[in-house]
Amino acid sequence: MGAKVIDGKAFAADVRARVAAHVARLKEEQGITPGLAVVLVGEDPASQVYVRNKHASTIEVGMASFEHRLSAETGEAELLALIDRLNGDPAVHGILVQLPLPGHLNSELVINRIDPAKDVDGFHISNVGLLGTGQKSMVPCTPLGCLMMLRDHHGKLAGLNAVVVGRSNIVGKPMAQLLLGDSCTVTIAHSRTKDLAEVCRRADILVAAVGRPEMITGDMVKSGATVIDVGINRIERDGKAKLVGDVHYDSAASVAGAITPVPGGVGPMTIACLLANTLTACCRANGLPEPEGLTA
Ligand code: NDP
């Protein structure tokens with residue numbers, strides 16, 4: 001098994017440390033504390049865990065954390081009014097509405113109500129358009145984390161063949177845009193792609209964001225390729241609950257040059273990049289230089 005293991009946990013710790021150092025300087029030199037507001041509607045257990053982790057990480061890097069927990073029955077008008085208040089609050093630099101929202105709420109309408117400059121998830125239609133046209137935007141956290149790890153591993157990405165498996169709005173498409181922005185030759189594969197294995201074998205960089213446990217196997221990986229596994233799948237094996245990615249780790253690692261594990265790969269980078277985006281939003285809001293190495 002020759003692949004280098006890309007340690008997302010250590011990388012994320014380093015990103016958080018850099019964010020914390022920048023936050024400390026902002027507080028000391030400018031008297032500014034970056035603030036992140038997280039809105040949770042309902043009691044979805046997984047969302048509650050995510051929101052708790054986001055709160056703890058925000059506090060840990062010295063930012064202000066504003067949590068808004070609303071009941072599952074909250075109406076659209078009430079939620080939109082809260083977003084309007086947060087948009088107008090100068091202490092709030094980033095706003096995140098935890099998805100999925102309960103079924104009676106229109107997620108698109110809600111997300112597009114967030115001030116694009118505070119949209120630290122990068123899901124607002126303006127940010128999607130800015131990213132797509134190669135302009136400065138807020139970039140979705142998971143693909144940003146993948147990009148940071150790829151840049152760190154490869155240095156320059158220009159000219160490399162990248163294959164992104166998955167075309168979701170939150171991972172696959174923005175990932176492809178970011179790789180294109182770094183001058184990779186990008187292919188996006190999806191459920192209708194013909195001969196996926198052959199397409200994947202062309203990749204110097206293979207990003208799997210599919211949501212199917214261990215679907216990408218070693219025979220689909222080019223020798224020496226870098227494999228980024230975005231998938232988080234809970235399965236049961238030998239009677240035990242287990243977390244696995246979209247990549248079959250052992251077979252892929254025996255062929256790849258570098259690979260992210262699950263857990264401990266892309267996952268920890270997502271929250272780290274949320275903090276990085278909040279810091280970036282705060283710097284932009286105050287006309288200050290953006291943090292280096294923490295944006296796309
Ligand atoms: P979606 O379900 O929104 O998208 C999955 C994509 O995979 C679709 O584009 C789909 O194609 C494609 N796909 C499905 N089956 C196949 C197949 N057999 N062959 C090729 N392509 C296929 O998922 P997300 O993008 O939201 O998430 C992907 C994975 O990443 C999940 O495991 C999720 O849990 C994980 N994730 C991890 C995060 C992290 O922090 N690490 C953050 C976000 C997601 P089509 O469009 O044709 O249907």
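Fair warning: this is a prediction, and the values are worked out from it, not measured in the lab.

1. What to know about the overall build of the protein chain
A count of helical and extended segments in the protein chain gives 10 helices and 11 strands. Its C-alpha atoms give the protein chain principal-axis dimensions of roughly 50 × 45 × 35 Å. For the protein chain, with 296 residues in total, the buried portion stands at 49%. The contacts in the protein chain between residues at least 6 apart in sequence include a share of 67% that link residues at least 24 apart. Carbon and sulfur atoms provide 52% of the accessible area of the protein chain, an area that totals close to 13400 Å². When the 28 basic and 31 acidic side-chain charges of the protein chain are each reduced to a single mean position, those positions are 4 Å apart.

2. Digging into helix α3 (residues 76-87)
Residue pairs spaced three or four apart in an α-helix point in one direction, given the helix's 3.6 residues per turn. With 12 residues, α3 should reach 16 Å at 1.5 Å per residue; the first-to-last C-alpha distance of 16 Å fits that figure. Within α3, the full set of buried residues consists of L79, L80, L82, I83, L86 and N87. For α3, the angular spread of buried residues about the axis comes to 155°, placing them on one side. In α3, the exposed positions angled more than 90 degrees off the buried face are occupied by A77 and R85.

3. Side note on the nonpolar core
Judged by nonpolar contacts, the single largest core of 56 residues is most densely connected at V19 and L179. For this core, the elements supplying multiple residues, two or more each, are α1 (8-30), β2 (35-41), α6 (141-154), β5 (161-165), α7 (172-181), β7 (205-208) and α10 (266-285). Looking at this core, the element that brings in the most residues is α10, giving 12 residues. Mapping this core onto the domain boundaries places at least three of its residues in each of domain 1 (30-115) and domain 2 (141-268). Residues within four places of V19 in sequence aside, it is in contact with V61, M63, L275, A276, L279 and L294.

4. Description of the pairing of strand β9 (residues 233-237)
Both β9 and strand β10 (residues 240-244) contribute to a ladder of 5 bridges, which runs antiparallel. Looking at the pairing, I235 lines up with K242 of β10. Connecting β9 to the next strand, β10, in antiparallel fashion are 2 residues, including D238 with a positive phi near 50°.

5. As for the sheet that holds strand β6 (residues 185-189)
The sheet built from 6 strands is open, its strands ordered β1-β11-β8-β7-β5-β6 with parallel pairing. This sheet does not close on itself; its edge strands, each paired only once, are β1 (4-5) and β6. With respect to the sheet, α7 is in contact with β5, β6 and β7, its orientation differing from that of β5 by roughly 170°.

6. Some details on the site of the ligand
Neighbouring the ligand are 23 residues, the closest being R167, S168, S191, R212 and T270. For the ligand, an oxygen atom lies 2.8 Å from a polar atom in the side chain of T270. Compared with its free state, where it exposes 930 Å², the ligand has 70% of that area covered by protein. Broken down by element, the residue count for the shell around the ligand peaks at 3 residues, all from α10. Of the residues contributing to the shell around the ligand, the split by class is 10 nonpolar, 10 polar and 3 charged.

7. A few points about the domain arrangement of the protein chain
Partitioning the protein chain into domains gives domain 1 (30-115) and domain 2 (141-268). A separation of 29 Å is found between the C-alpha centroids of domain 1 and domain 2.

8. A look at the pattern of salt bridges
Counted under the stated rule, the structure contains 10 salt bridges. For K222, the salt bridge identified is with D204, shortest N-O distance 2.7 Å. Taken as a pair, K222 in the loop between β7 and β8 (226-229) and D204 in the loop between α8 (196-200) and β7 lie far apart in primary sequence, 18 residues in all. Because the salt bridges share partners, they merge into one network encompassing K136, R284 and E290.

9. Notes on the packing of α1 against α6
At a minimum axis distance of 11 Å, the contact between α1 and α6 shows a crossing angle of 100°. By the angle class used here, α1 and α6 are roughly perpendicular. Across from G8, F11 and V15 in α1, the residues of α6 making contact are M148, M149 and D152.

10. Describing the pairing of β6
For β5 and β6, the ladder comprises 5 bridges, and the chain directions are parallel. Within β6, the position partnered with V164 by the bridge is I188. With α7 bridging β5 and its parallel neighbour β6, the resulting β-α-β unit is right-handed.

11. Thoughts on the sheet that holds β2
The 3 strands lie next to each other as β3-β2-β4, forming an open sheet whose pairing is parallel. A single partner strand is all that each edge strand has here, and the edge strands are β3 (64-70) and β4 (94-97). In this sheet, neighbouring strand axes are inclined to one another by 15° on average, regardless of whether the strands run parallel or antiparallel. Sitting on the sheet, helix α2 (residues 45-60) is in contact with β2, β3 and β4, with an inclination near 160° to β3. Running at roughly 180° to β2, α3 makes contact with β2, β3 and β4 of the sheet.

Calculation notes
- Residues numbered from 1 in each chain as written.
- Predicted model: local features only at pLDDT ≥ 70, side-chain atom pairs only at ≥ 80, totals over all residues.
- Heavy atoms only, no water.
- Helix = DSSP H or I, 4+ residues; strand = E, 2+ residues; numbered from the N terminus.
- Buried < 20%, exposed > 50% of the residue type's maximum accessible area, 1.4 Å probe, protein only.
- Contact = heavy atoms within 4.5 Å.
- Areas by Shrake-Rupley, 256 points an atom, 1.4 Å probe, with all protein chains shown as cover.
- Lys, Arg positive; Asp, Glu negative; His and termini not counted.
- Charge placed at Lys NZ, Arg CZ, Asp CG, Glu CD.
- Expected span 1.5 Å × (residues − 1).
- Arc of directions from axis to C-beta.
- Core = buried A, V, L, I, M, F, W, Y, C linked by side-chain atoms within 4.5 Å.
- Domains from an automatic or database assignment.
- Pairing = 2+ DSSP bridges.
- Axes fitted to C-alpha atoms, helices over the stretch in contact; angles between N-to-C directions.
- Near = heavy atom within 4 Å.
- Polar contact = N/O pair within 3.5 Å; in protein donor to acceptor, adjacent residues only side chain to side chain.
- Nonpolar A, V, L, I, M, F, W, Y, C, P; charged D, E, K, R; others polar.
- Salt bridge = Lys/Arg side-chain N within 4 Å of Asp/Glu carboxyl O.
- Parallel < 35°, antiparallel > 145°, perpendicular 65-115°, else oblique.
- Right-handed = clockwise from strand over helix to strand, strands pointing away.

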